[in-house]
Each structure stands twice: as C-alpha cells, then as structure tokens.
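# Inside the fold
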Amino acid sequence: MGQVKTLGEFIVEKQADFQYSKGELTRLLSDIGIAAKIVHREVNKAGLADILGETGDVNIQGENVKKLDIYANKQFIAALSVGGECCAIASEENEEVITVDNSVSTSAKYVVALDPLDGSSNIDVNVSIGTIFSIYRRTSLSGPGTLEDFLQPGTEQVAAGYVIYGSSTMMVYTTGKGVNGFTLDPSIGEFCLSHPNMQIPKQGKIYSINEGNYVHFPDGVKKFIKYCQEEDAATGRPFSSRYIGSAVADFHRNLIKGGVFLYPTTSASPKGKLRLVYECNPLAFIIEQAGGKASNGSKRIMEVTPTSLHQRMPLFIGSRDMVEKIEELLAKHSIPAAKAAK
Ligand code: AHG
Ligand code: MN
Ligand code: MN
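Residues numbered from 1 in each chain as written. Chains lettered and ligands numbered in written order. Predicted model: local features only at pLDDT ≥ 70, side-chain atom pairs only at ≥ 80, totals over all residues. Heavy atoms only, no water.

## Here's the deal with the overall build of the chain
- Across its full length, the chain holds nine helices and 15 strands.
- Relative to the compact-globule value of 20 Å for 342 residues, the chain shows a C-alpha radius of gyration of 20 Å, a close match.
- Taking all 342 residues of the chain together, the buried fraction comes to 54%.
- Within the chain, residue pairs in contact and separated by at least 24 positions form 64% of the contacts whose partners lie at least 6 positions apart.
- Counting every atom, the chain has about 15000 Å² of accessible surface; 51% of that belongs to carbon and sulfur.
- A distance of 6 Å separates the average location of the 35 positive side-chain charges in the chain from that of its 38 negative side-chain charges. (Helix = DSSP H or I, 4+ residues; strand = E, 2+ residues; numbered from the N terminus. Rg over C-alpha atoms; globule rule 2.2 N^0.38 Å. Buried < 20%, exposed > 50% of the residue type's maximum accessible area, 1.4 Å probe, protein only. Contact = heavy atoms within 4.5 Å. Areas by Shrake-Rupley, 256 points an atom, 1.4 Å probe, with all protein chains shown as cover. Lys, Arg positive; Asp, Glu negative; His and termini not counted. Charge placed at Lys NZ, Arg CZ, Asp CG, Glu CD.)

## Looking at the coordination of the manganese ion (ligand 3)
- Protein coordination of the manganese ion (ligand 3) is provided by E92 (OE), D115 (OD) and L117 (O), with donor distances spanning 2.0 to 2.3 Å.
- Expressed as a motif, the donor residue spacing for the manganese ion (ligand 3) is E-x22-D-x1-L.
- Here the manganese ion (ligand 3) and the manganese ion (ligand 2) are spaced 3.7 Å apart, with D115 acting as a shared donor. Accessibility classification places D115 together with L117 in one group, the buried group. (Donors = N, O, S within 2.8 Å, 3.2 Å for Na, K, Ca; no water.)

## Digging into the domain arrangement of the chain
- Taken as a whole, the chain is organised into domain 1 (7-195) and domain 2 (206-334).
- The centre of domain 1, based on its C-alpha atoms, is set 23 Å off from the matching centre of domain 2.
- Every contact between the two is made by 50 residues of domain 1 and, on the other side, 33 residues of domain 2.
- Broken down residue by residue, the surface that domain 1 buries against domain 2 is led by I132, L151 and Y162, which jointly contribute 20%.
- For the pair domain 1 and domain 2, the interface holds one salt bridge.
- The partner of E92 in a salt bridge is R275, with the nearest N and O atoms 3.0 Å apart. (Domains from an automatic or database assignment. Buried area = accessible area lost by both parts, 1.4 Å probe. Salt bridge = Lys/Arg side-chain N within 4 Å of Asp/Glu carboxyl O.)

## Quick notes on the coordination of the manganese ion (ligand 2)
- Taken together, the protein ligands of the manganese ion (ligand 2) are D115 (OD), D118 (OD) and E279 (OE), with distances of 1.9 to 2.1 Å.
- Read N to C, the donor residues that coordinate the manganese ion (ligand 2) are spaced as D-x2-D-x160-E.
- Judged by relative accessible area, which is 0%, D115 ranks as buried.

## Description of the site of ligand 1
- Surveying the vicinity of ligand 1 reveals 18 residues, the closest of which are D118, S120, N210, Y243 and Y263.
- When the free accessible area of ligand 1 is taken as 470 Å², the share hidden by the protein chains comes to 86%.
- Under a 2 Å grid-point criterion requiring more than half of the atoms, the pocket assigned to ligand 1 is the largest pocket.
- Broken down by secondary-structure element, the contributors of at least two residues to the shell around ligand 1 are β5 (110-118) and β13 (260-263). (Near = heavy atom within 4 Å. 1 Å grid on protein atoms, 1.4 Å probe; cavity = no way out; pocket = protein on both sides within 12 Å on 5 of 7 lines; lining within 4 Å. Sits in = over half its atoms within 2 Å of the grid points.)

## Observations regarding the side chain of T26
- Along the chain, T26 turns up in helix α2 (residues 24-44).
- In this structure, T26 is in contact with I11, V12 and Q15, ignoring residues within four places of it in sequence.

## Concerning the sheet that holds strand β3 (residues 86-91)
- The eight strands lie next to each other as β4-β3-β5-β6-β7-β8-β9-β10, forming an open sheet whose pairing is mixed. The strands lining the two open edges of the sheet, one partner per strand, are β4 (98-99) and β10 (190-195).
- Here β5 pairs with strand β6 (residues 129-137) via seven bridges, running antiparallel. Bridge pairing in β6 links V112 to I135.
- Strands in contact with helix α3 (residues 67-82) are β3, β4, β5, β6 and β7 (157-165); relative to β5, the strand with the most contacts, it is inclined by about 160°.
- Contacting β5, β6, β7, β8 (169-174) and β10, helix α6 (residues 247-257) crosses the sheet at an angle of about 100° to β7. (Pairing = 2+ DSSP bridges. Axes fitted to C-alpha atoms, helices over the stretch in contact; angles between N-to-C directions.)

## Remarks on the pattern of salt bridges
- This model, assessed by the stated rule, comprises 18 salt bridges.
- Linking D31 and R27 is a salt bridge whose minimum nitrogen-to-oxygen distance equals 3.5 Å. Of the two residues, D31 and R27 are both situated in helix α2; the distance of four residues between them amounts to about one turn of the helix.
- Measuring nitrogen to oxygen at the nearest pair gives 3.0 Å for the salt bridge that ties D321 to K202. In this pair, D321 is assigned in helix α8 (residues 320-333) and K202 in the loop between β10 and β11 (206-208), connecting sequence segments 119 residues apart.
- What emerges from the salt-bridge pattern is a single network uniting K293, R320, E324 and E327.

## So, the environment of I135
- Inspection of the secondary structure puts I135 in strand β6.
- Residue I135 is classed as buried on the basis of its relative accessible area of 0%.
- Considering only alpha carbons, one finds I135 and L29, 106 residues apart in sequence, at a separation of 9.4 Å.
- With sequence-adjacent residues up to four places away left out, I135 is seen in contact with L25, L28, L29, I32, Y110, V111, V112, Q157, V158 and A159.

Okay, here's the thing in structure tokens:
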C-alpha cells in the first residue's frame, strides 16, 4: 500500500488554493471531521447502546425525532462552536438559527447549515445514514450571525459535503475545486483519501425515487419513470431502480455509478420534501463539481434564493443527461403553474 493521505493533511495542503486564506475554513472542515468520527462511533454501536428509537418529540417539520438525530445535532453544534470560525449554525433540528457565543469576539466569518442526521427512518434498521453540511461566508458585517446569512443562493457556498455512515464511513466534500472522498480507517481513527477527484458519469443506468408515491407525481415525472423502464439498446434501458430512503446514500451511490435521484412534488409534499438550504444546495454543489446537474425541474437548484430556513424544494440530481431528460419531460407534460391555477 502506498502512502496514505489523511483528511487533515489534505485540507492543509489545499489551503494554498485560497489566496488570503488564514486557515479558518481548514479548521471548520477539520471540526466537522471530528464530529463525524464521534457520530460514527455511536452509529456503529447503535444496536447495543440505548440510542435506537424515538425521543417522543416532533420537530418543526412535523417529523418524529430519533435519539440519534439529537445526538448528532449536539455533536456537530459542539464541534462547530468551539473553534471560533463559525458565527452561526442552522440545523434541521432547530427552528431558529443558533448563534455561536464566542464568535463575536473572534470575528468569525462563516456560517454552517446542517442536516445532522439524514435518513432517520433507516437508523433503527442498520441501513446507511448520513450528515450533510454547507458553509457560507456571512453577509452580515458584525455581531452574531443572522438568518439572512443563510438565505443566500447555493452559488455562494464556500464548501459543502456529506458524511455517509455506511458499510464504511466516508466524508466527501468540495470547496469548489472538485470533489474528494475520504474513508474512515477505524484502526487509526483517520479519514484517508480514497476517492480523489470524483466525477459522475454523464449518463447513468440507475434511477432513485420513492415509487410508492407514483399516483401523486407530476406527469413529466411519471413519463420519466416509464422512459427508464422501456427497452432501448442504445441507451442501455431498462435502467435499474434503487432507492434506499437516505438521500445521502442514494446520492453517494449515484455519484459513483451514475444515476439520478428524484424527489418531486407529491400531494403529501406539494413543495417537495427535501430542504433547500441544508439538503438540496450542498448536494447540488457537490454534483456540479463532479460534472453532474441539480435542478428543481425548471431551474438550477443553486440559483434559487431561499426565502426561509426550512424551505422545501423538488430535487432532480445526478448524471447530466438524465437530469436534462427529466427537465425536458417536465416542460413537455406538466401543466405550467399559471395554467393550472386557472
Ligand atoms: P431526514 O432523515 O433528514 O428527515 O431526511 C429524510 C429524507 C431523505 O434522506 C430521503 O431521501 C427522504 O427523506 C425519504 O423520503 P420518503 O420516505 O418519503 O421516500
Ligand atoms: Mn435529511
Ligand atoms: Mn435529518
């Protein structure tokens, strides 16, 4: 085996890519890596510790909160609060923005948005789950971070990434200069560079969608599903259907193998289910950096300016040709909103 490169070494090496960088982003990414290791440790003994199941609470999204959601939330908030690089944190589990106390004295210039535990429904059944994060430069000039700091379009992201707690634990991130993946070697407790410069195939052979909601999908999405199921030698159809139910895990597989993940509007979720700020935007930044595409059906995800912290958005993300096919079918078959309103 050749020389391994740890996440810490890699981040420091890449700091030179950013002129005037004083190492704050380096520190933030390292802090996220540390929290990820702590959550990894807990996830891996979840069946033994008293950490499975629900807390009995319902979060602001109306979802049952799991103990591991809260555990992961606490770990990431704690790790991001100590360094003084981050002046505010937004999390799926907290209705309001969390301001970081010591950030005023240290003039922290970043804010971090988080889905601390993605794929909650898979916690109790030993199926892959994840963490998603997105880092912005604050727009407010001083004092504690504000809500407005988070309501920036995804194009303004400085860095984004995810951790997948799967058959192995990995951290994948981008700072806008390509995508790199690191696998946790539990024997030395370090994330090691295992997937340098990740690129998604232009055309994939996998589609990922909760097909149980079929009757509630827009016509364009129904047509795309039928398109995937048709026989066509030239494009290798029919495609395979794969759906884990953890966005991070479905995304990660499609990033490596080529494919598309769809979470359209449904009657239960008329605006889509996934959250723009801490689910759609970070994954969109990563997929674009890997040569793929992320759309809400008609618009590039990263160009949508959020109007609220927990805003939901339809998401079509993955191999470029597949996302473009979905956009084409949605434009052709779905009733434009203006017409539908009449
Ligand atoms: P979270 O656990 O953070 O609330 O996210 C769950 C999301 C996402 O991970 C997944 O793709 C999707 O919900 C699954 O939704 P369905 O069960 O409706 O398919
Ligand atoms: Mn999630
Ligand atoms: Mn979550």
